[in-house]
Amino acid sequence: MKMDTDVLKIFRELSRIPRESGNEKEVSNWIKSWAESLGLPVVQDDIWDLIITKPASAGYEDHEPVLMQAHIDMVCEKNSDSDHDFAKDPIELKLDGDWIVSANGTTLGADDGIGVSAAMAVLADDTLPHPSLEVVFTVQEETTFAGAESIDVSAIKSRRMINLDHADEAELIVGSCGGTGAKFTLPLIRESAAPSGWSGYRIRLFGLKGGHSGEDIHRGRGNAISLLLRLLETPELRVVSISGGTNRLAIPREAEAVVLAPDGETLEAILADVKQTFRKEYSGAAPDLDITAEPVDGGGSANVAGTAAAADGAVLLPLTADAMQMISAAVRLYPNGIAQMNGSFEGLVESSDNIGIISTEGDVLTLVSEVRGAYQSTVQDITGTIDTLAALLGASVEYFNGYVPWEFEADSKLRDLAVSTYTEMFGGEMRQLALHAGLECGFFAEKIPGLDLISIGPNCQYFHSPEERVSVTSVEHFYSFLKALLRKL
Ligand SMILES: [Zn+2]
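Residues numbered from 1 in each chain as written. Predicted model: local features only at pLDDT ≥ 70, side-chain atom pairs only at ≥ 80, totals over all residues. Heavy atoms only, no water.

### So, the packing of aromatic side chains
Summed over the entire model, instances satisfying the criterion amount to six aromatic pairs. Ring geometry for Phe-145 versus Tyr-403: centroids 5.5 Å apart, planes at 45°, classification tilted. On the criterion of sequence distance, the pair formed by Phe-145 in the loop between β6 (133-138) and α4 (146-150) and Tyr-403 in strand β19 (residues 396-403) is long-range, its members being 258 residues apart. When its relative accessible area of 7% is taken as the criterion, Tyr-403 is described as buried. Aromatic pair Tyr-422 and Phe-481: ring centres 6.1 Å apart, planes at 85°, arrangement edge-to-face. Residue Tyr-422 is found in helix α9 (residues 413-426), and its partner Phe-481 is found in helix α11 (residues 472-488); the two are separated by 59 residues along the sequence. As far as burial versus exposure is concerned, Tyr-422 and Phe-481 are alike and both buried. Ring pairing ties together the aromatic residues Phe-145, Tyr-403 and Phe-443, which thus form one cluster. (Phe/Tyr/Trp six-rings, centres within 6.5 Å; stacked < 30°, edge-to-face > 60°. Helix = DSSP H or I, 4+ residues; strand = E, 2+ residues; numbered from the N terminus. Buried < 20%, exposed > 50% of the residue type's maximum accessible area, 1.4 Å probe, protein only.)

Listed below in structure tokens is the structure:
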């Protein structure tokens with residue numbers, strides 16, 4: 001049958017074992033026993049990363065070794081009507097034309113189960129010509145990069161590495177960005193009373209498209225936090241609280257604020273005006289952009305000793321004008337969006353920042369963002385701007401979850417060989433591109449000086465969603481391409 005190939009048979013077995021990021025022990029042990037049953041040496045570390053080695057085939061004993069790498073964890077997303085339990089249920093594969101999808105309404109785990117299966121198929125096949133192989137399987141790629149970050153590569157001899165985590169057979173990845181999370185906090189001061197007779201309202205701005213904080217940052221989709229701030233600067237409003245965004249790695253689609261306004265009509269007029277402006281600016285990217293307001297106390301004008309109050313009786317004290325000015329300064333001057341385009345790759349963002357979360361809890365303004373750059377130095381250029389802003393405003397900054405870029409190298413024998421092999425096999429030219437997203441490759445490039453590195457993979461679509469699918473035909477192309485590369489190395 002169609003799915004009865006070396007790679008897909010292994011993928012089907014691998015899919016039986018749960019492997020959500022952080023829960024890789026069982027799958028790691030399964031791969032370990034599998035490799036040992038083939039007589040291959042395996043090293044397993046205490047977070048379940050694996051290094052498997054296989055000697056060179058006859059005639060390749062004096063060739064330089066090659067490293068293949070993939071991640072064994074997967075993103076676990078399911079449809080709301082799926083009762084799949086990612087902790088124990090197998091993922092069953094289903095054919096839909098040329099595509100393999102999950103039969104359980106879940107992510108398929110082709111990311112990166114196909115890369116893992118291809119490397120295992122090479123390890124299992126004693127008829128293939130290849131140099132000595134070092135296969136590295138990492139954990140937690142989808143969450144923290146902990147596997148790639150902490151794996152001990154001191155025993156690795158290879159200076160050539162093929163990462164098997166890409167999603168297009170006609171593309172060759174040649175670089176990826178580095179980055180860091182940033183948490184910026186600024187103390188705020190409130191008035192001791194609200195303006196007499198004013199009422200509280202919750203304003204919601206929503207309907208933006210959002211997207212990946214790196215790969216979609218150049219698409220002009222708008223940031224709900226910046227837009228809401230522009231609205232809140234209207235002098236007729238007093239701001240009580242602001243919140244927006246759920247994850248620094250996503251461009252925020254929604255943001256909301258509790259404000260005080262002199263009356264409902266004034267507020268309605270302000271919102272209608274701003275909405276018209278924003279809809280015009282984002283008519284292409286967010287035609288459904290909307291701004292709504294509702295009274296927070298349910299009636300619109302409950303006053304407690306001259307101050308507005310919410311339904312639960314909480315007094316709504318607005319931020320002082322100075323505090324609001326500080327928030328404006330912080331959000332307006334904080335790096336947000338594209339910092340610079342990449343001069344080597346047309347249309348690729350070189351560095352960026354995304355304000356993904358805002359909150360004013362506990363009288364502290366918090367902004368959380370994700371900084372990215374093709375070079376560690378351009379990441380630092382942006383964090384330098386954030387540090388400068390923090391010093392100016394008396395705010396503080398913490399950086400977390402940093403990861404290193406895989407910097408593009410002008411000379412790469414492995415890349416040249418991949419490109420010429422692809423043209424020989426399939427005709428046409430392989431597209432070379434760098435990503436404005438993080439890959440594990442960055443950690444290996446940093447740990448193994450002089451490492452020549454590429455990333456490849458078969459055609460997959462809708463990663464990280466229950467629609468995730470991989471092309472059967474493309475898996476065959478990808479695997480024959482991998483075998484041809486190994487034969488030439
Ligand atoms: Zn992946």
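### A short note on the sheet that holds strand β23 (residues 469-471)
Backbone hydrogen bonds hold the strands of a sheet together, and the pairing may be parallel or antiparallel. A sheet is described by the order of its strands in space; here four strands give the open sequence β4-β5-β23-β22, paired in antiparallel fashion. Edge positions in the open sheet fall to β4 (93-96) and β22 (460-461), since each of these has one partner strand only. Bridge count between strand β5 (residues 99-102) and β23: two bridges; the pairing is antiparallel. Looking at β23, one finds that Ile-100 is bridged to Val-470. (Pairing = 2+ DSSP bridges.)

### Side note on the domain arrangement of the protein
As assigned here, the protein comprises domain 1 (6-177 + 405-488) and domain 2 (180-403). Centre-to-centre separation of domain 1 and domain 2, based on C-alpha positions: 39 Å. Contacts between domain 1 and domain 2 engage 16 residues on the former and 17 residues on the latter. Where domain 1 abuts domain 2, roughly 1300 Å² becomes buried across the two surfaces, and 66% of that area is made up of carbon and sulfur atoms. When residues of domain 1 are sorted by the area they lose upon contact with domain 2, Cys-177, Pro-405 and His-436 head the list and together hold 48% of the total. The interface formed by domain 1 and domain 2 contains two residue pairs in polar contact (both at pLDDT 80 or more). Taken together, the elements giving at least two residues each to the side of domain 1 that touches domain 2 come down to β8 (171-176) and β20 (431-435). Sorting elements by how many residues they give to the side of domain 1 that touches domain 2 places β20 first, with four residues. (Domains from an automatic or database assignment. Contact = heavy atoms within 4.5 Å. Buried area = accessible area lost by both parts, 1.4 Å probe. Polar contact = N/O pair within 3.5 Å; in protein donor to acceptor, adjacent residues only side chain to side chain.)

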